[in-house]
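Structural characterization, general
The residues making up each chain are set out below.
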Amino acid sequence: MFRLKTLPQALRQCTYEVSEFIHADPNNFQFFINANTATSTIFKSIVWRPGDRVVIFDVDYEATVHACNWLRKYYAIEVIELPIDLPLTREEIVSSVEENLKKILQTGPLPRLANFCHVTSRTGFIFPAKELTALFHKYKIPVCIDGAQAPGHIPINVNDIGAEFYIGTLHKWCFTPQGTAFLVVRPHAQCGLTPLTVPLRYGGGFVAEFGAGAAHIDYAHFLTITQSFEFVRQVCGGWERVMEYCSETAKQAVQILEQEWHTTVFQGDPKLYGRLPIVPLPNGIFVKASVIKQIMAYLALCQNITAFLVCIKIKGVPTVCVRLSCQVWTEPNEVRQLAQVVLDLGGAYNTGKVATQMASDLLL
């Protein structure tokens, strides 16, 4: 009875909850265990021919790049990476993409698909999803948006954006456990889209093939969504308040680090980083990848600070930065502690001081 009646009803309630939140038609919405599975479902459902082309950005999520390379290997398609020389304004991003797109169209057939991130993972940049979708549609190119970092981070209106495919996750910013992702597919793009595993309800259409009971999996993580959203409403005062509070926290964090480190937030405008600012470390240029891992280990093991460090090219120079994920529990004092601990290292990241300090602290 649970699988036949209770589960479908509960998942339907979760579907309506999330669809309303992201402004999507619930009939075009389906849950997935993660964003990568949704991406692979789309990519593997398209009937590719040798020489077909896919457009991605060079700041796209690494797993998406791997998926495109898989297509190139097995279907002999061409993967075109558009260079996005961040930081740029929203207008500059659209202009740059169109300039490069015009060049592409002069050298070969129309791309079968364009893929880009709504919010990039490594660089924490909020892209103008609606404007970019309209641009690609202007040239008759279908669009797939990786919005894994968007739901709960920034307001989303999937219907207004208008992409054929919009992928999102709920575990990053919406207080759900991992394994809660979704895919929204516009009606005209649903034909031919099939699950990675041929379902028992094959041929029944989008809702039947992907819906509850189509696969024998554990749906428990999806069923937490209603409780997570209720937590936001009852405890946090609603999504608008959460987003505003965390955005202000991000601005405070940026001010603290800029003042202490004398560096400048990578994205510049708060509208371009939201709750995910990227701030360069002092003397953080040309730091080896292995050393970056050592710094994160030192912060975690010796200072009890969880910090995600990334290497980004700023004006062509590889620079190690901290990517802050500002949630409702983020405190300014935690940011000040991070600032001071990094300053105490003296910027001598490549000299082995971090490893030496870590070994010393662990032996105490």
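To keep things clear, this report deals only with the structure shown in the data block. Fair warning: this is a prediction, and the values are worked out from it, not measured in the lab.

The subject of this paragraph is the overall build of the chain. Of regular secondary structure, the chain possesses 15 helices and 10 strands. In terms of overall size, the chain behaves like a compact globule, its C-alpha atoms giving a radius of gyration of 22 Å where 364 residues would be expected to give roughly 21 Å. Out of the 364 residues in the chain, the part that is buried amounts to 51%. Considering only contacts within the chain whose residues lie at least 6 apart along the sequence, 69% involve residues at least 24 apart.

For the rest of this paragraph, the subject is the sheet that holds strand E6 (residues 165–169). Ordered in space as E1-E7-E6-E5-E4-E2-E3, the 7 strands form an open sheet in which the pairing is mixed. The open sheet is flanked by strand E1 (29–32) and strand E3 (78–82), the only strands paired with a single partner. Ignoring strand direction, the axes of neighbouring strands in this sheet form an average angle of 20°. Sheet analysis places strand E2 (residues 53–57) next to strand E4 (residues 113–117), joined by 2 bridges and oriented parallel. Each bridged residue has a counterpart across the sheet, and for Val-55 the counterpart in E4 is Ala-114. Across the sheet, helix H2 (residues 35–45) lies against E1, E4, strand E5 (143–147), E6 and strand E7 (181–185), angled at about 160° from E6, the strand it touches most.

Quick look at the nonpolar core now. Core analysis: the biggest nonpolar cluster contains 65 residues, and Ile-22, Phe-57 and Phe-136 have the highest contact counts within it. For this core, the element with the highest residue contribution is helix H1 (residues 2–22), accounting for 6 residues. Those residues within four positions of Phe-136 in sequence are excluded, and the remaining contacts are Val-55, Phe-57, Val-97, Leu-101, Ala-114, Phe-116, Ile-141 and Val-143. Of all hydrophobic cores here, the second largest spans 31 residues; its members include Leu-257, Val-287, Ile-295 and Val-342.

For the rest of this paragraph, the subject is the environment of Ala-67. For Ala-67, the location among the structural elements is in helix H3 (residues 62–75). On the basis of relative accessibility, which here comes to 15%, the residue Ala-67 falls in the buried class. Separated by 173 residues in sequence, Ala-67 and Glu-240 have C-alpha atoms that sit 35 Å apart.

Close contact between helix H13 (residues 289–303) and helix H14 (residues 332–344) brings their axes to 12 Å; oriented N to C, the two are set at 115°. Judged by the inter-axis angle, H13 sits roughly perpendicular to H14. Relative to H14, H13 is oriented so that their crossing is right-handed. Here Tyr-298, Leu-299 and Gln-303 of H13 come into contact with H14, specifically with Gln-337, Leu-338 and Val-341. Counted by class, the contact of H13 with H14 contains 4 nonpolar, 2 polar and no charged residues.

Turning next to the packing of helix H11 (residues 239–261) against H14. Relative orientation of the contacting elements H11 and H14 amounts to 25°, with a least axis distance of 9 Å. When the interaxial angle is binned, H11 and H14 end up roughly parallel. Our pair here, H11 against H14, has a crossing hand that is right-handed. Across the interface between the two elements, Gln-252, Ala-253, Ile-256, Leu-257, Glu-260 and Trp-261 from H11 touch Pro-332, Val-335, Arg-336, Leu-338, Ala-339, Val-342 and Leu-343 from H14. For the contact of H11 with H14, the class distribution of residues is 10 nonpolar, 1 polar and 2 charged.

A cluster of nonpolar side chains, Trp-70, Tyr-74 and Tyr-75, forms an exposed patch at the surface whose accessible area comes to about 300 Å². As for its position among the elements, Tyr-75 is in helix H3. Under the relative-accessibility criterion, Tyr-75 is labelled partly exposed at 32%.

Attention now moves to the sheet that holds strand E8 (residues 278–285). Taking strand neighbours across the sheet as the criterion, the 3 strands line up as E8-E10-E9 in an open arrangement whose pairing is antiparallel. Since the sheet does not close on itself, it has two edges, and those belong to E8 and strand E9 (308–314), each with one partner. Neighbour-to-neighbour, the strand axes of the sheet open up by a mean angle of 40°, direction not taken into account. Pairing geometry for E8 and strand E10 (residues 317–323), over 4 bridges, is antiparallel.

With that settled, the discussion passes to the environment of Thr-123. As for its placement among the helices and strands, Thr-123 is situated in the loop between E4 and helix H5 (129–138). Under the relative-accessibility criterion, Thr-123 is labelled buried at 10%. Setting aside chain neighbours within four positions, we find Thr-123 in contact with Leu-86, Phe-266, Gln-267, Ile-278 and Ile-312.

Attention now goes to the pairing of E4. With respect to burial, E4 is a largely interior element, 5 of its 5 residues being buried. Covered by surrounding structure in E4 are Leu-113, Asn-115 and Cys-117 together with Ala-114 and Phe-116, the residues of both alternating faces. Bridge analysis of E4 against E5 gives 4 bridges, and the strand direction is parallel. When the bridges of E5 are listed, Ala-114 appears paired with Val-143. This β-α-β element, E4 to H5 to E5, shows right-handed connectivity.

Among the secondary structure elements, Asp-58 is positioned in the loop between E2 and H3. Of the residues examined, Asp-58 reaches a relative accessible area of 39% and is grouped as partly exposed. C-alpha of Asp-58 to C-alpha of Gly-162: the two residues are 104 residues apart in sequence and 23 Å apart in space. Those residues in contact with Asp-58 that sit more than four places away from it in its chain are Glu-81, Leu-82, Pro-83 and Ile-84. For Asp-58, the side chain forms a polar contact with the main-chain nitrogen of Ile-84, separated by 3.0 Å.

Here is what the cut-offs are and how they apply
- Residues numbered from 1 in each chain as written.
- Predicted model: local features only at pLDDT ≥ 70, side-chain atom pairs only at ≥ 80, totals over all residues.
- Heavy atoms only, no water.
- Helix = DSSP H or I, 4+ residues; strand = E, 2+ residues; numbered from the N terminus.
- Rg over C-alpha atoms; globule rule 2.2 N^0.38 Å.
- Buried < 20%, exposed > 50% of the residue type's maximum accessible area, 1.4 Å probe, protein only.
- Contact = heavy atoms within 4.5 Å.
- Pairing = 2+ DSSP bridges.
- Axes fitted to C-alpha atoms, helices over the stretch in contact; angles between N-to-C directions.
- Core = buried A, V, L, I, M, F, W, Y, C linked by side-chain atoms within 4.5 Å.
- Parallel < 35°, antiparallel > 145°, perpendicular 65-115°, else oblique.
- Left-handed = near helix turned anticlockwise from the far one by under 90°.
- Nonpolar A, V, L, I, M, F, W, Y, C, P; charged D, E, K, R; others polar.
- Patch = residues over 30% accessible without salt bridge, like charges linked within 9 Å, V, L, I, M, F, W, Y side chains within 5 Å.
- Areas by Shrake-Rupley, 256 points an atom, 1.4 Å probe, with all protein chains shown as cover.
- Salt bridge = Lys/Arg side-chain N within 4 Å of Asp/Glu carboxyl O.
- Right-handed = clockwise from strand over helix to strand, strands pointing away.
- Polar contact = N/O pair within 3.5 Å; in protein donor to acceptor, adjacent residues only side chain to side chain.

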